[in-house]
Amino acid sequence: MKPHERFACRTGLRDAVIADLSAADLDSLLARARADYDAFRAKGLKLDMTRGKPAPEQLDLAEGMLALPGNRDHLSEAGEDARNYGGLQGLAETRALFARTLGASPDRIVVGDNSSLALMHDSLVYALLKGVPGSAKPWGREPDVAFLCPTPGYDRHFAICEEYGVRMIPVPLTGDGPDMDKVEELVRDPAVKGMWNVPKYANPSGDVYSDETIRRLARMTTAAPDFRLFWDNAYVLHHLTDDGREILNVLDACAEAGHPDRAFVFASTSKMTLAGAGLAFFASSPANVAWLLASASKRTIGPDKLNQLRHVRFLKDHDGLVAHMAKHKALLAPKFAAVDEALEARLAGTGAARWTKPEGGYFISVDVVEGTASRVVQLAKDAGLLLTGAGATWPKGKDPRDQNLRLAPSFPSLSDVKAASEGIAICILLAAAEAESAKRKDAAA
């Protein structure tokens, strides 16, 4: 997706149509917007579009897992008793099942418990305490540690950095991934030890990293020797279209560029099977895998291998995994279409907002009139509609333009998504009209 194609709104903010209205027409628009808002608020709805959780119907797709692995079915292909301790790296068949998805051979994969976020957290903490392969000393003993943060981005990534005092440097996204000229300039600073990436259907922008972006990330010669790409491939199979996008294998690209240890790849089945009982994955170079296992061995005697068996028995093979994810797409795609339809109907041509039309993932990114995102969130809350807080997609929760909103249509029912999307569009239009009216009054004062 090219930069100018990121947003679906045909006209977008650049037309600034509201700004071109006569005083009388602006007053009329403001009155209509307030009336629509009052009518929406009077419905007394309780709607929530805050988090990208799987809906109950999506969880039902994996209901059959609850009876697995089954009575007396507790032996792996190698004869290991999955009920017992051990097997820190994960069962061989589980690693083989997800090898194609992760882009790594089974020996370069670690299977954790249910949370890839926990693996990301632990990897950063281990790096701060011990360093990573190639480090001269633990990151925590450096005078300064910084991470590059493509924005808008994932708030939980930023929260980990904030928790441990890692300085965050925002980097703009282009539609093809981060602005690589900016990235290549910033990594010249040896304090920059890492970079967050959601390379496919990024949260919330929907960016899909281009092959050239990935090659440039892999090739960078001015980065610190122990610089790491924290590669959160959370939505690797979460397509919303029939021709899902594919991206370059970052592990192969790094190896070909002479930096085999550069990427830490993370993924999970949290939005594939059972969100609270999924599997998390770490894939990387042999040196990085050995490093993680050595550190993790002090933390645990082994993961939940019965759950690993459960996933193997249920999904069976890569084709089974792909078929399962097609069922998720059938449930999710209509919800994303409903959001787009509501925003298009109310906002196209107004200049009040522009929004992404993602090809996968769990979020829609909306840019409203600068300075109005917080107002939109408050209007929505007052009308019984909860949205993710304005600024959540920026480090420390501070959007310098107060402009970006993240919409999460996965969890509510389709009917609730339609109602919420209508309300969101009403709030955006009202906030834009209010802002223009206030701007003109200030100019006249």
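Cut-offs applied
- Residues numbered from 1 in each chain as written.
- Predicted model: local features only at pLDDT ≥ 70, side-chain atom pairs only at ≥ 80, totals over all residues.
- Heavy atoms only, no water.
- Helix = DSSP H or I, 4+ residues; strand = E, 2+ residues; numbered from the N terminus.
- Contact = heavy atoms within 4.5 Å.
- Phe/Tyr/Trp six-rings, centres within 6.5 Å; stacked < 30°, edge-to-face > 60°.
- Buried < 20%, exposed > 50% of the residue type's maximum accessible area, 1.4 Å probe, protein only.
- Lys NZ or Arg CZ within 6 Å of the ring centre and 35° of its normal.
- Pairing = 2+ DSSP bridges.
- Axes fitted to C-alpha atoms, helices over the stretch in contact; angles between N-to-C directions.
- Parallel < 35°, antiparallel > 145°, perpendicular 65-115°, else oblique.
- Nonpolar A, V, L, I, M, F, W, Y, C, P; charged D, E, K, R; others polar.
- Polar contact = N/O pair within 3.5 Å; in protein donor to acceptor, adjacent residues only side chain to side chain.

A. Local environment of the side chain of S76. For S76, the location among the structural elements is in the loop between α3 (56–60) and α4 (92–97). For S76, the contacting residues outside a window of four places in its chain are L91, E93 and L309.

B. Representation of the packing of aromatic side chains. Taken as a whole, this structure holds 14 aromatic pairs when the rule is applied. Both rings, one in F147 and one in F230, keep their centres 5.2 Å apart while their planes meet at 70°; by these two values the pair is edge-to-face. One end of the pair, F147, is in strand β3 (residues 146–151); the other, F230, is in strand β6 (residues 228–232), with 83 residues separating them in the sequence. With centroids separated by 5.5 Å and ring planes inclined at 90°, the aromatic side chains of Y209 and W231 adopt a geometry described as edge-to-face. Residue Y209 is found in the loop between β5 (192–197) and α9 (211–219), and its partner W231 is found in strand β6; the two are separated by 22 residues along the sequence. In this structure, Y209 and W231 share a single accessibility class: buried. Site record: aromatic cluster; members linked through ring pairs are Y126, W139, F147, W196, F230, F264, F266, F282 and W291. Its guanidinium or amino end placed over the ring of F411, K53 lies 4.6 Å from that ring's centre, counting from NZ or CZ. Above the plane of the ring of Y362 lies K271, whose end atom (NZ or CZ) is 5.3 Å from the centre.

C. Geometry of the sheet that holds strand β12 (residues 404–407). Strand order in the open sheet made by the 3 strands is β9-β10-β12, with antiparallel pairing throughout. Each having just a single partner strand, β9 (353–355) and β12 make up the two edges of the open sheet. Averaged over all adjacent pairs, the angle separating strand axes in this sheet is 25°, with direction ignored. Inspection of the sheet shows strand β10 (residues 364–368) paired to β12 by 4 bridges, in the antiparallel sense. Bridging across to β12, S365 finds its partner in R406. Running over the sheet, helix α13 (residues 318–347) touches β9, β10 and β12 and is turned about 155° from β9.

D. Layout of the packing of helix α6 (residues 116–130) against helix α11 (residues 286–296). Close contact between α6 and α11 brings their axes to 11 Å; oriented N to C, the two are set at 85°. Of the possible angle classes, the one that applies to α6 and α11 is roughly perpendicular. Residues S123, Y126, A127 and K130 of α6 lie in contact with α11, whose contacting residues are W291, L292, S295 and A296. Here the residues of the contact of α6 with α11 are counted per class, giving 5 nonpolar, 2 polar and 1 charged.

E. Just the sheet that holds β3, in detail. The mixed open sheet is built from 7 strands, whose spatial order is β2-β8-β7-β6-β5-β3-β4. Each edge of the open sheet is held by one strand with a lone partner, namely β2 (109–111) and β4 (167–172). For this sheet, the mean inter-axis angle between neighbouring strands, taken without regard to orientation, is 20°. With 4 bridges connecting them, β5 and β6 associate as parallel partners. Each bridged residue has a counterpart across the sheet, and for M195 the counterpart in β6 is L229. In the packing of helix α7 (residues 155–163) onto the sheet, contacts are made with β3, β4, β5 and β6, and the angle to β3 comes to roughly 160°.

F. Layout of helix α12 (residues 305–315). Counting buried positions along α12 yields 8 of 11 residues, so the element is predominantly enclosed. Three or more residues of α12 are buried, namely K305, N307, Q308, L309, R310, H311, V312 and L315. Against the buried residues of α12 lie α4, β2 and α13. Looking at where α12 begins, the residue whose side-chain oxygen comes 3.1 Å from the main-chain nitrogen of L306 is D304. K316 sits one or two residues past α12 and shows a positive phi near 70°.

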